[in-house]
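# Working through the structure, step by step
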Amino acid sequence: MAVIKKDLLGLEGVGQDELTEILDLAVSMKEVMGRQIKKVPALRGKTVVNMFYEPSTRTRVSFELAAKYLSADTVNIAASTSSAVKGESMRDTATTLEALGADLVVLRHPMAGAPHLLAKVGNFGVLNAGDGFHGHPTQGLLDMFTIREKKGYLKGLEVAIVGDLLHSRVARSNIWGLITMGASVRVCAPPTMLPIGLERTGVKVFNNMDVAVEGADIVMMLRMQLERQQQGLFPSIREYNRLFGLNKERLALAAKDAMVMHPGPMNRGVEISPDVADGVQSVINDQVTNGVAVRMAVLYLLAGGGSSEVDN
Ligand code: CP
């Protein structure tokens, strides 16, 4: 069963069976990554274009590695060196990429909905690598993969997501995915950083972090988007850290075997203390590694591969 068809634009509306099938396929991809020669011919002859209109380390590099491990040809475009700076529209960019023979386009863009627009006009598959405040589906998938890998399951786990939920596409994708998979999601943020109506997604909303993390199986910290501090959403970074930062004392309120997650890049000493980020409960580096496996899985599925076996 092919679980995603032409594009992966978001996790909203993606069902439990579909998510499970992607996560299962990513297990096979992680096995490929563990081989001495990390390469399968699955995407030989396919061209993957990585278009990043915003900075990225983890997502950009892992998409490129994922495509290379699957034997695709890869091309990277940064906004600053593309014809976008000359005013080329998304529609004309799509036509151009099509004429150049792109099979799959990975797009990160500051505007929510940009990947949807590209998918509508381009005759190639589109993978959303983060669009504005909307979504970051492969981050949500790699986070669920990491939780399932460590805990063995997702259903019934208590997941606390803490930080700037208003601006977080990572949080949105995780909420959609985790709720679908049967996890119980708590969110915690200052009232100025909580989107209106978030409780309608099925999450429990908290303003007090000590209460939010109590007994949690997973504590997922979000990046404090320092570039948005001029909006005055919080009095000071020191105050934010005091009320919403994860430190050893707060982590002790969570379940004994609670896992600490962060999508990166981290602001050490703001939303997370360095000893917790580097501590034994942290799976932050595993998240990065697993990003490659999950992106291999979605590239493979969008390129038309079935999810049964990865060719040797
Ligand atoms: N998590 C994440 O999207 O990181 P990058 O911005 O480095 O890709």
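Criteria and cut-off values
Residues numbered from 1 in each chain as written. Predicted model: local features only at pLDDT ≥ 70, side-chain atom pairs only at ≥ 80, totals over all residues. Heavy atoms only, no water. Salt bridge = Lys/Arg side-chain N within 4 Å of Asp/Glu carboxyl O. Helix = DSSP H or I, 4+ residues; strand = E, 2+ residues; numbered from the N terminus. Axes fitted to C-alpha atoms, helices over the stretch in contact; angles between N-to-C directions. Parallel < 35°, antiparallel > 145°, perpendicular 65-115°, else oblique. Contact = heavy atoms within 4.5 Å. Nonpolar A, V, L, I, M, F, W, Y, C, P; charged D, E, K, R; others polar. Pairing = 2+ DSSP bridges. Left-handed = near helix turned anticlockwise from the far one by under 90°. Near = heavy atom within 4 Å. Polar contact = N/O pair within 3.5 Å; in protein donor to acceptor, adjacent residues only side chain to side chain. Areas by Shrake-Rupley, 256 points an atom, 1.4 Å probe, with all protein chains shown as cover.

## As for the pattern of salt bridges
Two side chains carrying opposite charge are able to pair once their charged atoms lie near each other. Applying the stated criterion across every chain yields a total of 15 salt bridges. Its salt-bridge partner being Asp210, residue Arg250 comes within 2.7 Å of it at the nearest N-O pair. Taken together, the residues span a long stretch of sequence, with Arg250 in helix 9 (residues 248-251) and Asp210 in helix 7 (residues 209-213) at a distance of 40 residues. One salt bridge in this structure joins Asp275 and Lys248, with 4.0 Å as the shortest N-O distance. Here the residue Asp275 occupies a position in helix 10 (residues 274-277), and Lys248 occupies one in helix 9, the gap between them amounting to 27 residues. Here the salt bridges do not stand alone but share partners, grouping Arg60, Glu64 and Lys68 into one network.

## Let's talk about the packing of helix 1 (residues 16-33) against helix 5 (residues 137-151)
Here helix 1 crosses helix 5 at 70°, and the two axes come no closer than 10 Å. If you check the angle between helix 1 and helix 5, you find them roughly perpendicular. For the pair helix 1 and helix 5, the contacting residues are Leu19, Thr20, Ile22, Leu23, Asp24, Ala26, Val27 and Lys30 in the first and Leu141, Met144, Phe145, Arg148 and Glu149 in the second. The residue inventory of the contact of helix 1 with helix 5, partitioned by class, reads 8 nonpolar, 1 polar and 4 charged.

## As for the sheet that holds strand 5 (residues 158-162)
Strand pairing in a sheet relies on backbone hydrogen bonds, with the paired strands running either antiparallel or parallel. If you trace the 5 strands from one edge of the open sheet to the other, you get 7-6-5-8-9, paired in parallel fashion. Each end of this open sheet is capped by a strand with a single partner; those strands are strand 7 (204-206) and strand 9 (259-261). Within the sheet, the average angular offset between the axes of one strand and its neighbour, ignoring direction, is 20°. Across 3 bridges, the pairing between strand 8 (residues 218-221) and strand 9 is parallel. In the strand pairing of strand 9, Ile218 is matched with Met259.

## What about the packing of helix 2 (residues 58-69) against helix 11 (residues 284-302)?
It is the contact of helix 2 with helix 11, at a shortest axis distance of 8 Å, that shows an interaxial angle of 55°. Taken together, the axis directions place helix 2 and helix 11 in an arrangement best described as oblique. Our pair here, helix 2 against helix 11, has a crossing hand that is right-handed. Where helix 2 abuts helix 11, its residues Arg58, Thr59, Ser62, Phe63, Leu65, Ala66, Ala67 and Tyr69 lie against Val288, Gly291, Val292, Arg295, Met296 and Leu299. Within the contact of helix 2 with helix 11, the residues separate by chemical class into 9 nonpolar, 3 polar and 2 charged.

## Overview of the site of the ligand
Neighbouring residues of the ligand: Ser56, Thr57, Arg58, Thr59, Arg108, His136, Gln139, Pro263 and Gly264. Between the ligand and the protein, one listed contact pairs an oxygen atom with a side-chain N or O atom of Ser56 at 2.6 Å. At 2.9 Å, a backbone N or O of Pro263 approaches a nitrogen atom of the ligand. For the ligand, the protein covers 92% of the area, taking 250 Å² as the surface of the free molecule. In terms of residue class, the shell around the ligand is made up of 1 nonpolar, 6 polar and 2 charged.

## Comments concerning the environment of Lys204
Here Lys204 shows up in strand 7. In sequence terms Lys204 and Thr81 are 123 residues apart; their C-alpha atoms lie 43 Å from each other. Excluding anything up to four places from it in sequence, Lys204 contacts Glu158, Ser184, Val185, Arg186 and Val187.

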